[in-house]
Amino acid sequence: MSNPMISLVIPCFNEEEVIEETHRRLAALAESQPTYSFEFLFVDDGSRDRTPQLLRQLVATDRRVRAVFFSRNFGHQLAVTAGIDEARGNAVVLLDADLQDPPEVVAEMLAKWRDGWQVVYGVRAEREGESRFKLLTAHLFYRVLNYLSDTPIPLDTGDFRLMDRAVVEVLRSMPERDRFVRGMVSWVGFRQLALPYRRAARFAGTSKYPLRKMIRFATNGIISFSMRPLKLAMDVGLLCAGLACAGIVWAFAVRLATNSWVPGWTATIIAVLFLGGIQLVCTGILGEYIGRTYMQSKGRPLYIISDRAEGTDSAGLSMNAPGRALQCAPADSTADVGH
Ligand code: UDP
Ligand code: MG
C-alpha cells in the first residue's frame, strides 16, 4: 500500500475552546508521519456555540479538513458513527475533540496497524483530571458490563482506537440504533490489540457528558450487549415464588402445631409490597428491551446531516451508508466560511 490514507474522526459538541488547538496537534501528528496522507473529519453534533464557524474556517485554510454538521445534537455515539460512515481512509482513528486522547499515541497505533493489527484500542492506564465520582463509576461500570455482557468487552477502554477499513466496512453494515461503539468493535472480531496510554486531562472547557447522558450510555451498553437482565428477572421471580411456597408450608405447619394461624398483617403487607416492587422492576426491565425494539422498528435514520464543508478538490467523493443517514446538504457543497 503506497501512502495509505488515515481518517481522524473527531466528534465535537460545543468545543469552541479546544477546536483550534486540537487542529494544531493533529496537524503536528500528520507532519510527523510523512508516509501517510491524512483527513481530519470533524463531526459537529449540533453545537450551539462557535464550533461550526471555527470548523468552516479550518476547512477554508487546511485542505485535509472536512466537516459534517448534524441538524441537532444526536449524542457522541452517533457522531462517532457518522464519522465511521463518512471516513474515506484505509484506516480510521476515533479521538475526542478535547485532547484527552493524545494525538501522539496515534503514531504508535499506526505502527501497530503496519504490523498487521486491524483494531488497536487505547486502554486507559492512567487518567488525569477526572473527578473521583467519574473514576469510581467508570471503574464499576466496565466491570459490571463485562460480567453481564455476552461479548467480552475490554476493561477501561473508550472509543479511542484505530480500525482497519475491513472493520469499518463491517461497522457500516450494522444498523442498530442504540449504539455502544466500543462493544460493537469488540463483537466484530478481527485481529485486535490493546495499547495502554495515559489519558490526559481535558484541554479546556467542561465535560459534555452530564450524568443523564452517562446513565443512558451505560444502560445502552448493558442492554445492547446482554440478555442477562431478562434472565435475572426470571431468576428473582422464581426465588420469590419459592419463598412464597415455603411460607405457605410454614403457615400450615404452625396451624397444625398450635391450632391457630400465624398472626400479623405487617408481614402480609411487607410481602405484598416486596412482591409488587419486584414485579414492577421486572416489568421495567422488559420495558427497556421492548422500547428499544419499538424504536428500532420505526427504521428512522440514525442521524441527520444538515450540511457539510470540505475543500473543493475532494468534494463529490461521498461514501454514505445507505439508509442510516439522512442527507439534507447538496452533495457538492464546498468550503464556505462564515454562514
Ligand atoms: N460529544 C459529542 N456529543 C455529545 C457529547 C459529547 O459529540 O452529545 C463529544 C465531545 O465534543 C468530545 C467527546 O464527545 O469530543 C467526548 O466528550 P467529553 O469530553 O465531554 O466527555 P468526557 O471525556 O467528559 O467523558
Ligand atoms: Mg473528554
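For the structure given in this document, a descriptive report is provided here. Just so it is clear, the structure is predicted and the values come from calculations on it, not from any experiment.

### Description of the site of ligand 1
Part 1: What surrounds ligand 1 is a group of 19 residues, the closest being E15, D45, D98, S207 and K208.
Part 2: Between ligand 1 and H76, the relevant distance is 3.4 Å, taken from a nitrogen atom to a main-chain nitrogen or oxygen of the residue.
Part 3: Here an oxygen atom of ligand 1 and a side-chain polar atom of R199 are 3.4 Å apart.
Part 4: In isolation ligand 1 exposes 530 Å². Once the protein is present, 95% of that is buried.
Part 5: Considering only residue class, the shell around ligand 1 consists of five nonpolar, five polar and nine charged.

### Examining unusual backbone geometry
Part 1: Here N14, not a glycine, exhibits a phi torsion of approximately 55°, which is positive.
Part 2: Positioned with a positive phi, D156 is a non-glycine residue whose angle comes to about 50°.
Part 3: Checked against the element boundaries, D156 lands in the loop between α5 (132-148) and β6 (157-164).

### Some words on the pattern of salt bridges
Part 1: A complete count under the given rule lists 19 salt bridges for this structure.
Part 2: Close ionic contact of E288 with R292 constitutes a salt bridge, the shortest N to O distance being 2.5 Å. Pair noted here: E288 and R292 are both in helix α10 (residues 265-298), with a separation of four residues, about one helical turn.
Part 3: For E288, a relative accessible area of 34% translates into the label partly exposed.
Part 4: Several salt bridges converge on common partners, so that one network encompasses E39, R66, E86, R88, R308 and E310.

### Some remarks on the nonpolar core
Part 1: Among the nonpolar cores identified, the biggest contains 36 residues, and I6, L8, I10, F38, F40 and F42 are the most heavily contacted of them.
Part 2: At five residues, the largest contribution of residues to this core is made by helix α4 (residues 103-114).
Part 3: Leave out the neighbours within four places in its chain, and I6 touches Y36, S37, F38, E39, A91, V93, L110 and W113.

### Section: the packing of aromatic side chains
Part 1: This structure, assessed with the given rule, holds 11 aromatic pairs.
Part 2: Centre to centre, the rings of F70 and Y303 are 5.2 Å apart; their planes meet at 15°, and the pair counts as stacked. Here Y303 lies in strand β8 (residues 303-310) and F70 lies in strand β3 (residues 65-70), a separation of 233 residues in the sequence. Y303 shares its class with F70; the two are buried.
Part 3: Between F160 and Y197 the ring centres are 5.0 Å apart and the planes differ by 70°, which places this aromatic pair in the edge-to-face class. On the criterion of sequence distance, the pair formed by F160 in strand β6 and Y197 in strand β7 (residues 192-199) is long-range, its members being 37 residues apart.
Part 4: On the basis of relative accessibility, which here comes to 4%, the residue Y197 falls in the buried class.

### Things to note about the pairing of β3
Part 1: Among the six residues that make up β3, six are buried, leaving the element largely enclosed by the rest of the structure.
Part 2: Here β3 shows no split at all, with V65, A67 and F69 on one side and R66, V68 and F70 on the other all buried.
Part 3: For strand β2 (residues 37-44) and β3, the ladder comprises five bridges, and the chain directions are parallel. The partner of V43 across the bridge, within β3, is V68.

### Structural notes on the coordination of the magnesium ion (ligand 2)
Part 1: Distances from the magnesium ion (ligand 2) to its protein donors, D98 (OD) and Q100 (OE1), fall within 1.9 to 2.0 Å.
Part 2: Residue class for D98 comes out buried when judged on its relative accessible area of 4%.
Part 3: Residue classification places Q100 among the buried positions, given a relative accessible area of 7%.

What counts as what
Residues numbered from 1 in each chain as written. Chains lettered and ligands numbered in written order. Predicted model: local features only at pLDDT ≥ 70, side-chain atom pairs only at ≥ 80, totals over all residues. Heavy atoms only, no water. Near = heavy atom within 4 Å. Polar contact = N/O pair within 3.5 Å; in protein donor to acceptor, adjacent residues only side chain to side chain. Areas by Shrake-Rupley, 256 points an atom, 1.4 Å probe, with all protein chains shown as cover. Nonpolar A, V, L, I, M, F, W, Y, C, P; charged D, E, K, R; others polar. Helix = DSSP H or I, 4+ residues; strand = E, 2+ residues; numbered from the N terminus. Salt bridge = Lys/Arg side-chain N within 4 Å of Asp/Glu carboxyl O. Buried < 20%, exposed > 50% of the residue type's maximum accessible area, 1.4 Å probe, protein only. Core = buried A, V, L, I, M, F, W, Y, C linked by side-chain atoms within 4.5 Å. Contact = heavy atoms within 4.5 Å. Phe/Tyr/Trp six-rings, centres within 6.5 Å; stacked < 30°, edge-to-face > 60°. Pairing = 2+ DSSP bridges. Donors = N, O, S within 2.8 Å, 3.2 Å for Na, K, Ca; no water.

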